[in-house]
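Listed below are the residues making up each chain.
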Amino acid sequence: MSNNPKNSDTDASVHAALCFIRESAPCSAPRVGIVLGSGLGPLADSITDSVRLDYADIPGFPVSHVSGHAGKLVLGKLGGLPVVAMQGRSHLYEGNSATKATFPVRAMLGMGVELLIVSNASGGINPRFHSGDIVLIDSHIDLMFRTAISPDEASGGSAIFGVPHRSRGIYAPDWMRLAESCAMELGFSLPRGTYLATLGPNYETRAEYRAFARLGADMVGMSTVPETMLAAQLGIPVLAFSIVTNVATPDVPKKTEHAEVLDWTRLAQQRLVPLIEKMLAKMNAS
Ligand code: HPA
């Protein structure tokens, strides 16, 4: 089926992945799942007492071929709290279905995490943003038109399509407020913005940047939405950080380079790592 409904095969594969992960890291009981996007993988180096598993060894995990995505699942502690982090993700533009691309997120949710933190690199559309800014995603525009949510999950009582989650929103307000106050304590501001997701793999034309600005987007990227929708659908709070790596210049021809994207995310990590650590330490203390 083209729109990737989950089925019993997916359940069986998640079960196999979880068995493998539990055998490899028997003591881990992660409370937070973290997805590290383009160039953000080194954040996982701050995870202590870690067990690192290659995606290629975990049943069902897709392997990304994009540079800046190491392809390791890292279990350990961050800010004193047990976490599981994906060092790199697979994208739909690599030919993955939404079900396949989000499989590792489904596995992390299956491990019982209480919060999913997602990160990505994006193009800045809002002219207030600069390269290197970290923006809290507070809403999104989905131009991927792909879902990892099965019809069964969609029609379930707690569905986004039903009232409770829709009214609460996909991005958890309490966690956003905590992120903002931690950023303030660390001495930087954390603006909020709307993330527009495209299938990629090409960066935008100037006309597309203009059109997306008119649609209300603040940033544009090629990931995240299938993951955050899945978590929200399954009732897990989501927090999403977007690193603006290149600012759109609709009136000036300028080519976006992947290397530039990776450089800016590496720089932004110097603020993102302490921010996430601080949040998790507070979560651990409460
Ligand atoms: N467009 C889409 N995805 C991106 C961009 C961009 O300009 N920069 C980083 N990821």
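Residues numbered from 1 in each chain as written. Predicted model: local features only at pLDDT ≥ 70, side-chain atom pairs only at ≥ 80, totals over all residues. Heavy atoms only, no water.

1. Quick look at the packing of helix α6 (residues 173-186) against helix α9 (residues 258-285)
For step 1, the next point in the chain: Relative to each other, α6 and α9 sit at 120°, their axes nearing to 9 Å. By the criterion of interaxial angle, the relationship of α6 to α9 is oblique. For the element pair α6 and α9, the recorded crossing hand is right-handed. Note on element contacts: α9 touches α6 through Pro-274, Leu-275, Lys-278, Met-279, Lys-282 and Met-283, opposite Trp-175, Leu-178, Ala-179, Cys-182, Ala-183, Glu-185 and Leu-186.
For step 2, the next point in the chain: The residue inventory of the contact of α6 with α9, partitioned by class, reads 10 nonpolar, no polar and three charged. (Axes fitted to C-alpha atoms, helices over the stretch in contact; angles between N-to-C directions. Helix = DSSP H or I, 4+ residues; strand = E, 2+ residues; numbered from the N terminus. Parallel < 35°, antiparallel > 145°, perpendicular 65-115°, else oblique. Left-handed = near helix turned anticlockwise from the far one by under 90°. Contact = heavy atoms within 4.5 Å. Nonpolar A, V, L, I, M, F, W, Y, C, P; charged D, E, K, R; others polar.)

2. Some details on the site of the ligand
For step 1, the next point in the chain: All residues adjacent to the ligand are Ala-121, Ser-122, Gly-123, Tyr-203, Glu-204, Tyr-209, Val-220, Gly-221, Met-222, Thr-245, Asn-246 and Val-261.
For step 2, the next point in the chain: At 3.3 Å from a nitrogen atom of the ligand is found a main-chain nitrogen or oxygen belonging to Gly-123.
For step 3, the next point in the chain: Tyr-209 places a polar side-chain atom, nitrogen or oxygen, 2.8 Å from an oxygen atom of the ligand.
For step 4, the next point in the chain: In isolation the ligand offers 260 Å² of accessible surface; the protein chains occlude 96% of this area.
For step 5, the next point in the chain: For the shell around the ligand, the elements supplying multiple residues, two or more each, are β5 (115-124), β8 (219-221) and β9 (238-247).
For step 6, the next point in the chain: For the shell around the ligand, the element with the highest residue contribution is β5, accounting for three residues.
For step 7, the next point in the chain: Considered class by class, the residues forming the shell around the ligand number six nonpolar, five polar and one charged. (Near = heavy atom within 4 Å. Polar contact = N/O pair within 3.5 Å; in protein donor to acceptor, adjacent residues only side chain to side chain. Areas by Shrake-Rupley, 256 points an atom, 1.4 Å probe, with all protein chains shown as cover.)

3. Quick look at α6
For step 1, the next point in the chain: Taking 1.5 Å as the rise per residue, α6 with 14 residues should run 20 Å; its terminal C-alpha atoms sit 20 Å apart, in good agreement.
For step 2, the next point in the chain: Every buried residue belonging to α6 is among Trp-175, Met-176, Ala-179, Cys-182 and Ala-183, and all of these are buried. Seen end-on, α6 carries its buried residues on one side only, within an arc spanning 130°. Turned more than 90 degrees away from the buried face of α6, the exposed residues are Asp-174 and Met-184.
For step 3, the next point in the chain: The elements touched by buried residues of α6 are β5, β6 (134-142), β7 (192-197), β9 and α9.
For step 4, the next point in the chain: Phi turns positive, to about 95°, at Gly-187, one or two residues after α6. (Expected span 1.5 Å × (residues − 1). Buried < 20%, exposed > 50% of the residue type's maximum accessible area, 1.4 Å probe, protein only. Arc of directions from axis to C-beta.)

4. Quick word on the packing of aromatic side chains
For step 1, the next point in the chain: With the rule as written, the count across this model stands at two aromatic pairs.
For step 2, the next point in the chain: Within the aromatic cluster, the residues linked to one another by ring pairs are Tyr-55, Phe-61 and Phe-103.
For step 3, the next point in the chain: A cation over a ring is seen here: Arg-271 above Phe-188, with NZ or CZ 5.5 Å from the ring centre. (Phe/Tyr/Trp six-rings, centres within 6.5 Å; stacked < 30°, edge-to-face > 60°. Lys NZ or Arg CZ within 6 Å of the ring centre and 35° of its normal.)

5. Structural notes on the nonpolar core
For step 1, the next point in the chain: The biggest cluster of nonpolar side chains holds 81 residues, and the ones touching the most others in it are Leu-73, Leu-239 and Phe-241.
For step 2, the next point in the chain: The greatest single-element share of this core, amounting to eight residues, is contributed by α9.
For step 3, the next point in the chain: Those residues in contact with Leu-239, other than ones at most four positions away along the chain, are Leu-115, Leu-116, Ile-117, Val-118, Leu-136, Trp-175, Met-176, Ala-179 and Met-279.
For step 4, the next point in the chain: Formed by eight residues, the second largest nonpolar core is a distinct cluster that contains Ile-125, Leu-196, Ala-217 and Ala-248. (Core = buried A, V, L, I, M, F, W, Y, C linked by side-chain atoms within 4.5 Å.)

6. A short note on the confidence of the model for the protein chain
For step 1, the next point in the chain: The predicted model of the protein chain averages 89 in pLDDT, with 92% of residues at 70 or higher.
For step 2, the next point in the chain: Scored below 50 in pLDDT, residues 1-5 makes 12 contacts in the model with residues more than four places away or belonging to other chains.
For step 3, the next point in the chain: Here residues 157-164 is a poorly scored stretch, pLDDT under 50, and it has 13 contacts once near neighbours within four places are set aside; other chains count. (pLDDT = per-residue confidence, 0-100.)

7. Observations regarding the pattern of salt bridges
For step 1, the next point in the chain: Across all of its chains, the model carries 10 salt bridges by this definition.
For step 2, the next point in the chain: The partner of Glu-114 in a salt bridge is Arg-31, with the nearest N and O atoms 2.8 Å apart. Residue Glu-114 is located in the loop between α3 (103-110) and β5, and its partner Arg-31 is located in the loop between α1 (8-24) and β1 (32-36); the two are separated by 83 residues in the primary sequence.
For step 3, the next point in the chain: A relative accessible area of 38% places Glu-114 in the partly exposed class.
For step 4, the next point in the chain: On the basis of relative accessible area, Arg-31 is assigned to the partly exposed category, the value being 26%.
For step 5, the next point in the chain: Across the pair Asp-54 and Lys-72 runs a salt bridge whose closest N-O atoms are separated by 2.6 Å. Pair noted here: Asp-54 is in strand β2 (residues 48-54) and Lys-72 is in strand β3 (residues 72-78), with a separation of 18 residues, a long-range link.
For step 6, the next point in the chain: The exposure class assigned to Asp-54 is partly exposed, which follows from its relative accessible area of 32%.
For step 7, the next point in the chain: Residue classification places Lys-72 among the partly exposed residues on the basis of a relative accessible area of 29%.
For step 8, the next point in the chain: Several salt bridges converge on common partners, so that one network encompasses Glu-185, Lys-278 and Lys-282. (Salt bridge = Lys/Arg side-chain N within 4 Å of Asp/Glu carboxyl O.)

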